[in-house]
Amino acid sequence: MLDFKLPEVGENIKSGNVVKITVAVGDVVKKDQPLLELETDKASLEVPSPCDGTIKEILIKEGEDIKIGQVIMRIDNGILAVGP
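Residues numbered from 1 in each chain as written. Predicted model: local features only at pLDDT ≥ 70, side-chain atom pairs only at ≥ 80, totals over all residues. Heavy atoms only, no water.

Chemist: Before we move on, could you go through the overall build of the protein and cite the residues and values that matter?
Modeler: For the protein, the helix and strand inventory stands at zero helices and eight strands. Tracing the protein from N to C terminus, the helices and strands come up as β-β-β-β-β-β-β-β. In terms of principal-axis extent, the alpha carbons of the protein reach across some 35 × 25 × 20 Å. Looking at the protein as a whole, 26% of its 84 residues qualify as buried. Taking contacts inside the protein between residues at least 6 apart in sequence as the whole, the part at least 24 apart equals 58%. For the protein, the accessible area works out to roughly 5,300 Å², and carbon and sulfur atoms hold 50% of it. Mean positive and mean negative side-chain charge positions of the protein (10 and 15 charges, respectively) differ by 4 Å. (Helix = DSSP H or I, 4+ residues; strand = E, 2+ residues; numbered from the N terminus. Buried < 20%, exposed > 50% of the residue type's maximum accessible area, 1.4 Å probe, protein only. Contact = heavy atoms within 4.5 Å. Areas by Shrake-Rupley, 256 points an atom, 1.4 Å probe, with all protein chains shown as cover. Lys, Arg positive; Asp, Glu negative; His and termini not counted. Charge placed at Lys NZ, Arg CZ, Asp CG, Glu CD.)

This is the structure:
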């Protein structure tokens, strides 16, 4: 299981607004498939999946402001988490 955090999307960008979530819990996704559309003060962009897997939990809502590094989704990527 992967806790997917909002990655760095550009220089000096600390947060963005979720315009649209393009997946739902239970959806099977492929690496680089768009998961959501994010709008920052500089641009609108799609945030891609970091891996193949199944969406297990979506921790954000459309219209919400989210920060770089915030856990936004949990993806079952077939790899067991080890450690604390």
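Here the narrative resumes.
Chemist: Which residues make up the pairing of strand β2 (residues 15–21), and what values do they have?
Modeler: Where β2 and strand β7 (residues 65–67) come together, three bridges link them in antiparallel fashion. Bridging across to β7, N17 finds its partner in D65. Two elements, β2 and strand β4 (residues 34–39), share four bridges in a ladder whose sense is antiparallel. Note that in β4 the partner of K20 across the bridge is E37. (Pairing = 2+ DSSP bridges.)

By themselves, these are just geometric observations and shouldn't be taken as functional.
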